[in-house]
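What follows is the residue order along each chain.
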Amino acid sequence: MGTHAVISPLIELGEEAAVRCHEVSFKMKKKMILDQVSFEIPKGSITGLLGPNGAGKSSLLRMIAGLSSQDSGTVQVFGQPAGEKMLGKLSLLPDRGSLPGWLTAEQWLSFAAGIYPDWNEQSAKQLIERLKINLDTSISAMSRGEEARLQLLTCLSRTAPLIILDEPFTGVDLISREQIASTVVAEMGDGERTFLIATHDIREMEMLFDRLVLIGDGQIKSVEDVEQLRQHGKSVESCYREVFA
Amino acid sequence: MKDEPMLLPEDFVVNPSRPIYEQFVEQITARIVRGLLPTGLRLPSVRDFAAGRRVNPTTAARTYQELERMGLIVTYRGQGTFVTNEEAMILEARKVMAKEAVQQFKEMAISLGLSVQEMIELAEQEE
């Protein structure tokens, strides 16, 4: 009896999608940004959200993160409507986001530890080593790669089960890109976490993705299982070309 | 850990248009058969292997499952995963690889309209 009470909610959660969008539409100044977007992301996957500039990726991610709302349709995170209440369940690395330059990495991290209720100091410590963050460096003096690594560290030091990374590689050097990709894999935590990653850097990330959501002109062009693609002799890159070229 | 042999050749480049785990299985099998990965060698955890190669954890897990199914690696609960100590398994894997290679060779010969013997003779002809 006791066991049942503990296990059954977990089983129900396991059957839920981490993210579910159903016929989501969104207009901005009469321009259709998202048009009837529907897709699902299973729990424990690393999904790539791919598409050309202006496809609507960032708008979609902001909606999933609860930072903006759709005109119609539903966006669910772990079975609940996306929005403020779900902020604690997800960790977002925003596109072109920047950290307060007047702080050192250490000051920033102690600030972050204070604002996020799900901050895990243990993880933060491990990630400082893994991502080779120099705590004494002030953020304004960091290279783009270093700042991107610090942003990722901030994102992953929380225990939130959904991680959304919007273009984590923009302007980031090769070694930092490799460190970021490797950290994402290490932080999967046996499928307890779900990653949704928008990127143009297909080559760096294609080995990581198990699922692709291809979006163009505000519409879902295709949703692919990456293993299936490879079984049919296709790569993530060739699939992208087929859809968008 | 640093002095231990690498699971995959350092310069190994993955073909992104084929299942990654298949390519890993081929490479690791060859290295076990050649003795580059000696019997009893402890393998990295699935998570470390995946992070090291920057591949999806499922790819790493499938690689281990397949090698385990072939009897080339063994997992002991709580201790880790090791290259098998059973020589017979390794000899068997070697035989399978040889057979596959010969099969490919034969197919190539057929596609060129040659017998296996003719193909070897042609290749070894002096200029």
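Keep in mind the model is a prediction, meaning the values are calculated, not measured.

(A) Layout of the overall build of chain A. What chain A contains, in helices and strands, is 9 helices and 10 strands. Relative to the globule expectation of 18 Å for 245 residues, the C-alpha radius of gyration of chain A, 18 Å, shows essentially globular dimensions. With the C-alpha coordinates aligned to their principal axes, the bounding extent of chain A is approximately 55 × 45 × 45 Å. Out of the 245 residues in chain A, the part that is buried amounts to 50%. Taking the contacts inside chain A whose residues are at least 6 apart along the sequence as the reference set, 70% of them involve residues at least 24 apart. Within chain A, the 33 negative side-chain charges are centred at a point lying 5 Å from the centre of the 25 positive side-chain charges.

(B) The sheet that holds strand E9 (residues 211-216) of chain A, seen in detail. All names here are of chain A. On the basis of which strands lie adjacent, the open sheet formed by 6 strands has the order E6-E7-E8-E3-E9-E10 and mixed pairing. Strands at the two margins of the open sheet, each flanked by one partner only, are strand E6 (90-93) and strand E10 (219-225). Each strand axis lies, on average, 15° off the axis of its neighbour in the sheet, ignoring direction. The sheet contacts of helix H5 (residues 144-156) involve E6, strand E7 (162-166) and strand E8 (194-198), and relative to E6 the element is tilted by about 170°.

(C) Examining the environment of glycine 191 of chain A more closely. Residue and element names in this part refer to chain A. For glycine 191, the location among the structural elements is in the loop between helix H6 (174-186) and E8. A relative accessible area of 35% means that glycine 191 is categorised as partly exposed. Separated by 28 residues in sequence, glycine 191 and isoleucine 163 have C-alpha atoms that sit 12 Å apart.

(D) Broad picture of the nonpolar core. Leu150, Leu165 and Phe195 of chain A are the most contacted members of the largest nonpolar core, which has 73 residues in total. Considering each element in turn, this core owes the most residues, 7 residues, to helix H1 (residues 20-33) of chain B. Contact partners of leucine 150 of chain A, with chain neighbours within four places excluded, come to Leu99, Ala105, Trp108, Leu109, Ile133, Ile139 and Met142 of chain A. Residues Leu60, Phe78, Met86 and Ile164 of chain A belong to the second largest nonpolar core, which totals 28 residues.

(E) Representation of H1 of chain B in the model. With 14 residues, H1 of chain B extends 20 Å between its outermost C-alpha atoms, agreeing within 8% with the 20 Å of an ideal straight helix rising 1.5 Å per residue. Burial analysis of H1 of chain B places 10 of its 14 residues in the buried class, which makes it a mostly covered element. Listing the buried residues of H1 of chain B in full gives Ile20, Tyr21, Gln23, Phe24, Val25, Ile28, Thr29, Arg31, Ile32 and Val33 of chain B. Taken together, the buried residues of H1 of chain B touch helix H8 (226-231) of chain A together with helix H2 (46-53), helix H3 (57-69), strand E2 (73-76), strand E3 (80-83) and helix H4 (87-111) of chain B. Among the residues trailing H1 of chain B, glycine 35 of chain B stands out with phi positive, at a value near 85°.

(F) Fine view of the pattern of salt bridges. All names here are of chain A. Per the counting criterion, the structure on display carries 14 salt bridges over all chains. Among the ionic pairs, aspartate 118 bridges to arginine 158, the shortest N-O distance being 2.9 Å. Here aspartate 118 is found in the loop between helix H3 (105-115) and helix H4 (121-130), whereas its partner arginine 158 is found in the loop between H5 and E7, with 40 residues between them in sequence. Owing to a relative accessible area of 7%, arginine 158 belongs among the buried residues under this scheme.

(G) Quick look at the pairing of E9 of chain A. Residues and elements named next belong to chain A. Most of E9 sits inside the fold, with 5 of its 6 residues counted as buried. Of the pairings in the sheet, the one linking strand E3 (residues 46-50) to E9 comprises 4 bridges and is parallel in character. Bridge pairing in E9 links threonine 47 to arginine 211. Across 6 bridges, E9 lies against E10 in antiparallel orientation. When the sheet's bridge partners are listed, leucine 212 is paired in E10 with glutamate 224.

(H) How the structure looks around the sheet that holds E3 of chain B. All names here are of chain B. On the basis of which strands lie adjacent, the open sheet formed by 3 strands has the order E1-E3-E2 and antiparallel pairing. Looking at which strands have only one partner, the edges of the open sheet turn out to be strand E1 (42-43) and E2. Packed onto the sheet, H3 meets E1, E2 and E3 and runs at close to 110° relative to E2.

(I) The environment of lysine 85 of chain A, seen in detail. Residues and elements named next belong to chain A. Inspection of the secondary structure assignment puts lysine 85 in the loop between strand E5 (80-81) and E6. Assessed through its relative accessible area of 83%, lysine 85 is described here as exposed. With 19 residues separating them along the chain, lysine 85 and glycine 66 place their C-alpha atoms 8.5 Å apart.

(J) Highlighting the interface of chain B and chain A. Facing the 16 residues of chain B at the interface are 21 residues of chain A. At the boundary of chain B with chain A, total buried surface from both sides reaches about 1500 Å², with 54% on carbon and sulfur atoms. Together, Arg47, Arg54 and Asn56 of chain B form the three largest contributors to the area buried by chain B at its contact with chain A, with a combined 38%. The tally of links between chain B and chain A comes to 3 salt bridges. One salt bridge connects arginine 54 of chain B with glutamate 178 of chain A, and the closest N-O pair in it is separated by 3.4 Å. Connecting chain B to chain A are 8 residue pairs in polar contact (both at pLDDT 80 or more). Only H1, H2 and H3 of chain B provide two or more residues apiece to the side of chain B that touches chain A. A per-class count over the side of chain B that touches chain A returns 9 nonpolar, 2 polar and 5 charged.

What counts, and where the lines are drawn
- The residue numbers shown here count from 1 along each chain, following its written sequence.
- Chain A is the first chain written and ligand 1 is the first ligand written, with later ones labelled in order.
- Local features in this predicted model are restricted to residues whose pLDDT is 70 or higher, and side-chain atom pairs enter the listing and the counts only when it is 80 or higher, whereas totals over whole chains, interfaces and linings include all residues.
- Here the side-chain values reflect all heavy atoms present in the structure, with hydrogen atoms and water set aside.
- By definition, any uninterrupted DSSP run of H or I lasting at least four residues is a helix, any uninterrupted run of E lasting at least two residues is a strand, and each is numbered from the N terminus.
- For this measure, only C-alpha atoms enter the radius of gyration; the expected value for a globule follows 2.2 Å times N^0.38, where N is the number of residues.
- Relative accessibility decides the category of a residue: with a 1.4 Å probe and only protein chains considered, values under 20% of the type maximum give buried, values over 50% give exposed, and everything between is partly exposed.
- We call two residues in contact when some of their heavy atoms are within 4.5 Å.
- None of His or the chain ends enter the tally, which takes Lys and Arg as positive and Asp and Glu as negative.
- Each charge is placed at NZ for Lys, CZ for Arg, CG for Asp and CD for Glu.
- Between any two strands, pairing holds if DSSP finds at least two bridges.
- Interaxial angles span 0 to 180 degrees and are taken between N-to-C directions of axes, which are lines fitted to C-alpha atoms, for helices over the stretch in contact.
- By nonpolar core is meant a set of buried Ala, Val, Leu, Ile, Met, Phe, Trp, Tyr and Cys residues that side-chain atoms within 4.5 Å join together.
- The span expected for a helix works out to 1.5 Å for each residue beyond the first.
- Any carboxyl oxygen of Asp or Glu that lies within 4 Å of a side-chain nitrogen of Lys or Arg is treated as forming a salt bridge with it.
- Defined in terms of a 1.4 Å probe, buried area is the accessible area two parts forfeit on being brought together, summed over both.
- What qualifies as a polar contact is a pair of N or O atoms within 3.5 Å, subject to a donor-acceptor requirement within protein and to the restriction that residues adjacent in sequence count only when both atoms come from side chains.
- In this count, Pro and Cys sit with the nonpolar residues alongside Ala, Val, Leu, Ile, Met, Phe, Trp and Tyr, while Asp, Glu, Lys and Arg are called charged and the others, Gly among them, polar.

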